[in-house]
Amino acid sequence: MECDTSQLCDIYADLIDVIDPIFSNYGGRHSFGGKVVTIKCFEGVGLIKKTVMTEGTNKVLVIDGGGSTRRALIDLDIAETAANNGWEGIVCYGSVRDVDAIEEIDIGIQGLVSIPVGANDNEFGEIDIAINFGGVTILPDDHIYADNTGIILSPEPLDIE
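Residues numbered from 1 in each chain as written. Predicted model: local features only at pLDDT ≥ 70, side-chain atom pairs only at ≥ 80, totals over all residues. Heavy atoms only, no water.

## Digging into the environment of Leu 112
Thinking step 1. Along the chain, Leu 112 falls in strand 7 (residues 108-114).
Thinking step 2. For Leu 112, a relative accessible area of 14% corresponds to the buried category.
Thinking step 3. Sequence separation between Leu 112 and Leu 47 is 65 residues, and the spatial gap between their C-alpha atoms is 19 Å.
Thinking step 4. Each residue touching Leu 112, except ones within four places of it in the same chain, is listed here: Ile 22, Phe 23, Ser 24, Tyr 26, Gly 67, Cys 92, Tyr 93 and Gly 94. (Helix = DSSP H or I, 4+ residues; strand = E, 2+ residues; numbered from the N terminus. Buried < 20%, exposed > 50% of the residue type's maximum accessible area, 1.4 Å probe, protein only. Contact = heavy atoms within 4.5 Å.)

This is the structure we're talking about:
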């Protein structure tokens, strides 16, 4: 799904929230959007790996990794698995690694920074809960839209035609 967040902000100014401009684009898809699936975890990728193995058509995985820049929550394996299962993208309030390889995958990936150190495989955390970062509260089933300009959030799907 292609989107233009600037245009969406102009059209839907009263309906959307804008996430603080703290993210960078790492994926091969520079524009993406869809229905939100949330995960809250810290320096462990077990829940993320399980989730990206499920059907992700028209969905965006939004991860509250506590803003950690010590260990990457997104790596090449997670990005490839998510892309192969139809996920539109991943927004990670945390770190990314394997950035040169991820850039070649047809999925949107937004993260804070890159770091070569990977996270552990623990499954500690929660899925499908309200999460907070970037000045907004993100709920499961919200709709999120991202491009190189920024990330916006809406409780309802936005018409991007």
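More follows now that the structure is in view.
## Here's the deal with the pairing of strand 3 (residues 32-40)
Thinking step 1. The element strand 3 is largely enclosed, with a buried count of seven among its nine residues.
Thinking step 2. For strand 3 and strand 4 (residues 59-64), the ladder comprises six bridges, and the chain directions are parallel. Counterpart to Lys 40 in the pairing with strand 4 is Asp 64.
Thinking step 3. The handedness of the strand 3 to strand 4 crossover, carried by helix 2 (residues 46-52), is right-handed.
Thinking step 4. Pairing geometry for strand 3 and strand 8 (residues 126-127), over two bridges, is antiparallel. Across the sheet, residue Lys 40 finds its bridge partner in strand 8, namely Glu 126. (Pairing = 2+ DSSP bridges. Right-handed = clockwise from strand over helix to strand, strands pointing away.)

## Focus: the nonpolar core
Burial of nonpolar side chains together is a common tendency in soluble globular proteins.
Thinking step 1. With 24 residues, the main nonpolar core has Ile 48, Leu 61, Ile 63, Ile 74, Ile 90 and Ile 109 as its most contacted residues.
Thinking step 2. Residues contacting Ile 48, with those up to four places away along its chain left out, are Ile 39, Cys 41, Leu 61, Ile 63, Leu 73 and Ile 78.
Thinking step 3. Counting residues in each nonpolar core, the second largest holds 16 residues, with Val 91, Ile 131, Ile 138 and Ile 144 among its members. (Core = buried A, V, L, I, M, F, W, Y, C linked by side-chain atoms within 4.5 Å.)

## Quick word on the packing of aromatic side chains
Thinking step 1. Per the counting criterion, the structure on display carries two aromatic pairs.
Thinking step 2. Between Phe 23 and Phe 133, the aromatic rings sit 5.8 Å apart at their centres with planes inclined by 55°, giving tilted as the arrangement. With Phe 23 in the loop between strand 1 (17-18) and strand 2 (24-25) and Phe 133 in strand 9 (residues 131-133), this pair connects stretches of sequence that are 110 residues apart. For the pair shown, Phe 23 and Phe 133 are each scored as buried.
Thinking step 3. Among the residues examined, Phe 133 registers a relative accessible area of 4% and is labelled buried. (Phe/Tyr/Trp six-rings, centres within 6.5 Å; stacked < 30°, edge-to-face > 60°.)

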